[in-house]
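# Descriptive structure summary
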Amino acid sequence: MHGSPHLTPDILLRAYAEGIFPMAERREDTELFWVSPDRRGILPLDAFHVPRRLARTVRSDRFKVTSDLAFVDVMKACAEPGPGREQSWINAEILRLYTALHASGHAHSIESWRDGRLVGGLYGVKLGAAFFGESMFSRETDASKVALVHLAARLIAGGFELLDTQFLTAHLARFGTVEITRREYLAQLKRAIGRPAYWSAPSGSAVSPSLSVASGDLTLTGVCEATTGGAAWPGALVLQKIAQTS
């Protein structure tokens, strides 16, 4: 993608609406290229699977899980080299664009904390009732997996219809991710982005209980924020929300 400094957050959102997303070849590259896979990974929220051992970890609240408290730190951590991941497609231009999307309320992060340290998380883009998962990282066992479970519960509570994982991996398949054709994906995408969905206030924000855009009932988001001040979502309630939908 030549002339990437001219790429704006608005252009990026329009690309997502067409099923296209940008990547860099390497962390040090200055240019981006567009990607539109022939087969797309999606994680059906009504079939989200939490492995039994992981469910125990989620329920234990070993990690404090928050949202939108450390978006840039999560992105930078996702770009760091690690075992089996010496390179990254997240370059300075990706960081600039998605930070701007976050500032405008179109990109969000989920963070896992342990003893005050950021040990895992993920980030992605929201457009209508679609959420596009971009990347995740983990510095402790299960930290990113717990963040993904909390993400699923947040999306279910907010009335989201599509969780796009871009690609199918063995790791994501454990949670129920499947592959569909580009044509099938674009049909689901069109429906999802044309519908409203709710992403709750950042953790730590004082807010009133919120209403579900889908049913008008008090959502898990509202329950947690009303009872905990928005600090974190209890793992037991997260699992309950997923179980009610699966």
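This text gives an overview of the structure that appears in the document. (Residues numbered from 1 in each chain as written. Predicted model: local features only at pLDDT ≥ 70, side-chain atom pairs only at ≥ 80, totals over all residues. Heavy atoms only, no water.)

## A closer look at the packing of aromatic side chains
Put simply, the rule reads: Two rings from Phe, Tyr or Trp (for Trp, the six-membered ring) form a pair when their centres are within 6.5 Å of each other. A pair whose planes differ by under 30 degrees is stacked, one over 60 is edge-to-face, and the rest are tilted. Strands are runs of DSSP state E lasting at least two residues, helices are runs of H or I lasting at least four, and both sets are numbered from the N terminus onward. Any residue under 20% of the maximum accessible area for its type is buried, any over 50% is exposed, and the rest in between are partly exposed; the area is computed with a 1.4 Å probe on protein chains only.
All chains considered together, the criterion is met by 6 aromatic pairs. Seen from their ring centres, F21 and F167 are 6.1 Å apart, and the 80° between their planes marks the pair as edge-to-face. Of this pair, F21 sits in strand β1 (residues 21-23) while F167 sits in the loop between β8 (162-166) and α6 (170-173), placing them 146 residues apart in sequence. Taken together, a centroid distance of 5.6 Å and an interplanar angle of 10° make the contact between F131 and W199 stacked. One end of the pair, F131, is in strand β7 (residues 130-138); the other, W199, is in the loop between α7 (182-193) and α8 (220-228), and 68 residues separate them in sequence. W199 matches F131 in its accessibility class, with the two residues each being buried.

## Quick look at unusual backbone geometry
The phi dihedral of D61 is positive, around 55°, even though this residue is not glycine. Its identity as a non-glycine residue notwithstanding, D115 has a phi of 55°, on the positive side. Following the sequence through the fold, D115 ends up in the loop between β5 (107-114) and β6 (117-127). For D115, a relative accessible area of 74% translates into the label exposed.

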